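# Analysis of the macromolecular model
Read off the chains here:
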Amino acid sequence: MIDPQILRTDPDRLRESQRRRGESIELIDDLVAADIAKREAQTRFDELRNEQKVLGKQIGPLQGALKKADDDARAQAQAEVDALMAQAQILAEQVKAADAAATAAGEALDALWLQVSNLVNLESPVGGEEDFTVLEEIGTPRDFAAEGFEPRDHLELGELIGAIDVERGAKVSGSRFFYLTGPGAMLEIALLNLAMQQATSHGLIPMITPTLVLPSAMEGTGFLGQAAENVYRIEQDDMYLVGTSEVPLAGYHADEIIDADRLPLRYAGWSSCFRREAGSYGKDTRGIIRVHQFDKVEMFVYCRPEDAEAEHARLVAWEKKFIDALEIPYRVIDVATGDLGSSAARKFDIEAWIPTQGTYREITSTSNTTEFQARRLKIRMRDENGTRPLATLNGTLCAMPRVIVAILENHQQADGSIVIPTALRPFLGGQEVFTPAS
RNA sequence: GGAGGUGUCGCCUAGUCCGGUCUAUGGCGCCGCACUGCUAAUGCGGUUUGGGUUUAUCGCCCAUCGCGAGUUCAAAUCUCGCCACCUCCGCCA
C-alpha cells in the first residue's frame, strides 16, 4: 500500500505510476472518491458516537438518584430518565447505521487500495518485458565452435552425469517436477553451503522458514493481486504455499515496531518454493528452467526508507559476487515498469548466459518494495522522528534449478563431463569434475 | 483430537464475580525538566497504537483491553464463535 497522504496531496503521482506500469488510471479516480467517502462516513460516525457517549454519561448518575429519591421526587426523576432513554435509543439506532456505513466505506476503500501497485521509481525504464535496460555484462560466453564441439543442453548433461531425472518427476508428480539425483543432489547442497557461507559473511541472519502461510502474509507481500494465479492455495485450510521465502521473511516482523537502531535487519532464508506457472504453457517445457517446486536462498532486508536504494545496490552486489564465484557469464538488467510486479518500485535481474539458448536467462531478481509491503503488513520503525513505515527489499541469492542449469551448460566439456567451479569444490569433498555415469 | 487454564496501552500488574464513578491502577523501563562538581539518588511531568480535525502550535473528537459478532441507552466487564499460548491425555515424524 502507498502512503494515503500522497493520494490526497498529489494523486497525479499515482496516476503517472499507473500509466508507466500500464495499469488502470481510472482506479486512482475511484480511490480519491472512496477516500473522501470513507472520511465523511467516519466523521459522521465519530460525531454521533460522541453525542451518544455524552448522553450515556448522564444516565448513570440519574438512575442512581432515582433509587434514592423519595416518593415525591420519584415521579419527576423517573420522567427525566425516561426522556433521556428515549433520546438515547434514537441515537443508538443512528450510531449503528453510521457505524455500518463507515465500515462499508472503509472496506470499499481497502478493496481499491489492494488493486493499486507500488509507485514506480522514476529511474526504471518505461515499457514492457522487452524494454529493460542492460546495466552491465560480465564475463565472456565460451565459443564452443572454436573449442570444436556442440554444447549439450542442461537436461542432456544432467541425465548424462546422473544429476537430473525429469521423467520420474513427471511420473510421480506430473509435468514440471523433477528429481535431483546423486551428484545433482550433492550439487544443490554444495550451492546451499556456498550461498549461506557468503550470506553469513555479509552479516545476513540464516533462516529456515515456513512454506505454508496464512492469507494475511500472502496478501501483505502483494502476491494475491495479478500474481494470484501462480500461487498454490490449500483450500481445506485456507493457506498458501509460498512461491518464495520473501513471504515468510516479510511476515516475520508483521505488526511489529522496530527500533531504528536495530536496522537494517538482513536475513537469508532457505525454503522450497512453489509456483503454478499458469499461463506459461509451452514455455520452457524441457528441463528444469521452469518448474513447480524448487529450493532457493532468498535475501530479505528491513531498513530505513531513505537507505533503501543503497541497500538495493548492496543486494545486487552480493548477487554478483555469488554468480562470480560460479564463473558464469551474466548481465544485469534494470527491469521495465510494466514487468515489475505489484510490490516493486524498482527491480534488477541478473541473467546468466545459457549457451544452448544463445541468450541470457533470469537467475536472480532483486526488488526494492519501498514501504509498500511494510504498510500492508503493519511493519514500522521508531526513530527520533517518531513511528513510521520502514522499507523492505528482497533478492535472490541462489535459485537452485536455474543455477544448476547455468553451471552444467557453461562448464561442460566435450565428453559431457562438468568442471566444478573452484568455489564449490570445498563443499563437494574437493571433487573437481562431474563425469558421465557409465 | 480430548480436558482444563491463560490472554489488559514495551515488560509485569490492578480492574472482570456484581456493566456507568475506566478519561484502564500501580511498578519497572524509557523521555523531558528540576536539584546537583560529575554520576547516582530524589522530586515533578510525560510515555499504547491507529484514524479524523486543526496544523503556527496547543488542543479537541473517535476507535483500540487477543480477534470477530451479539445483548444494552451504555461493554475491559455479560453472551456466542474464533485464534494464540500453557498444563495434562491421546496420536505421531
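What this report covers is the structure whose coordinates are included nearby.

Definitions and cut-offs
- Residues numbered from 1 in each chain as written.
- Chains lettered and ligands numbered in written order.
- Predicted model: local features only at pLDDT ≥ 70, side-chain atom pairs only at ≥ 80, totals over all residues.
- Heavy atoms only, no water.
- Patch = residues over 30% accessible without salt bridge, like charges linked within 9 Å, V, L, I, M, F, W, Y side chains within 5 Å.
- Areas by Shrake-Rupley, 256 points an atom, 1.4 Å probe, with all protein chains shown as cover.
- Salt bridge = Lys/Arg side-chain N within 4 Å of Asp/Glu carboxyl O.
- Lys, Arg positive; Asp, Glu negative; His and termini not counted.
- Charge placed at Lys NZ, Arg CZ, Asp CG, Glu CD.
- Helix = DSSP H or I, 4+ residues; strand = E, 2+ residues; numbered from the N terminus.
- Near = heavy atom within 4 Å.
- Polar contact = N/O pair within 3.5 Å; in protein donor to acceptor, adjacent residues only side chain to side chain.
- Nonpolar A, V, L, I, M, F, W, Y, C, P; charged D, E, K, R; others polar.
- Phe/Tyr/Trp six-rings, centres within 6.5 Å; stacked < 30°, edge-to-face > 60°.
- Buried < 20%, exposed > 50% of the residue type's maximum accessible area, 1.4 Å probe, protein only.

Turning our eyes to something else, we now look at a negative patch on the surface. Together, Glu129, Glu130, Asp131, Asp339 and Glu362 make up a negatively charged patch on the protein surface. Mapped onto the elements of the fold, Glu129 is located in the loop between helix H4 (71–114) and strand S1 (133–138).

Here we take up the protein's contact with RNA strand B. Taken together, 21 residues form the shell around RNA strand B, and within it Arg8, Asp46, Arg49, Lys53 and Gln63 come nearest. Backbone atoms, meaning sugar plus phosphate, form 74% of the atoms of RNA strand B positioned within 4 Å of the protein. One nitrogen or oxygen atom from the side chain of Arg49 is found 2.4 Å from a phosphate oxygen belonging to RNA strand B. Asn50 is positioned such that a nitrogen or oxygen atom in its side chain is 2.8 Å from a phosphate oxygen of RNA strand B. Sorting the residues of the surface near RNA strand B by element identifies helix H3 (26–68), H4 and strand S14 (380–383) as the ones contributing at least two each. For the surface near RNA strand B, a count of residues per class yields 6 nonpolar, 7 polar and 8 charged.

The full count for this structure, using the stated rule, is 5 aromatic pairs. Where Phe144 meets Phe149, the ring centres are 5.3 Å apart and the plane angle is 80°; that geometry is what we call edge-to-face. For the residue pair Phe144 and Phe149, the accessibility class agrees, reading buried in each case. Each ring, one from Tyr252 and one from Tyr267, has its centre 5.6 Å from the other, and the planes form 75°; the classification is edge-to-face. Taken as a pair, Tyr252 in the loop between helix H10 (246–251) and strand S8 (257–259) and Tyr267 in strand S9 (residues 265–274) lie far apart in primary sequence, 15 residues in all. Among the aromatic side chains, those forming a connected cluster through ring pairs are Tyr252, Tyr267, Phe300 and Tyr302.

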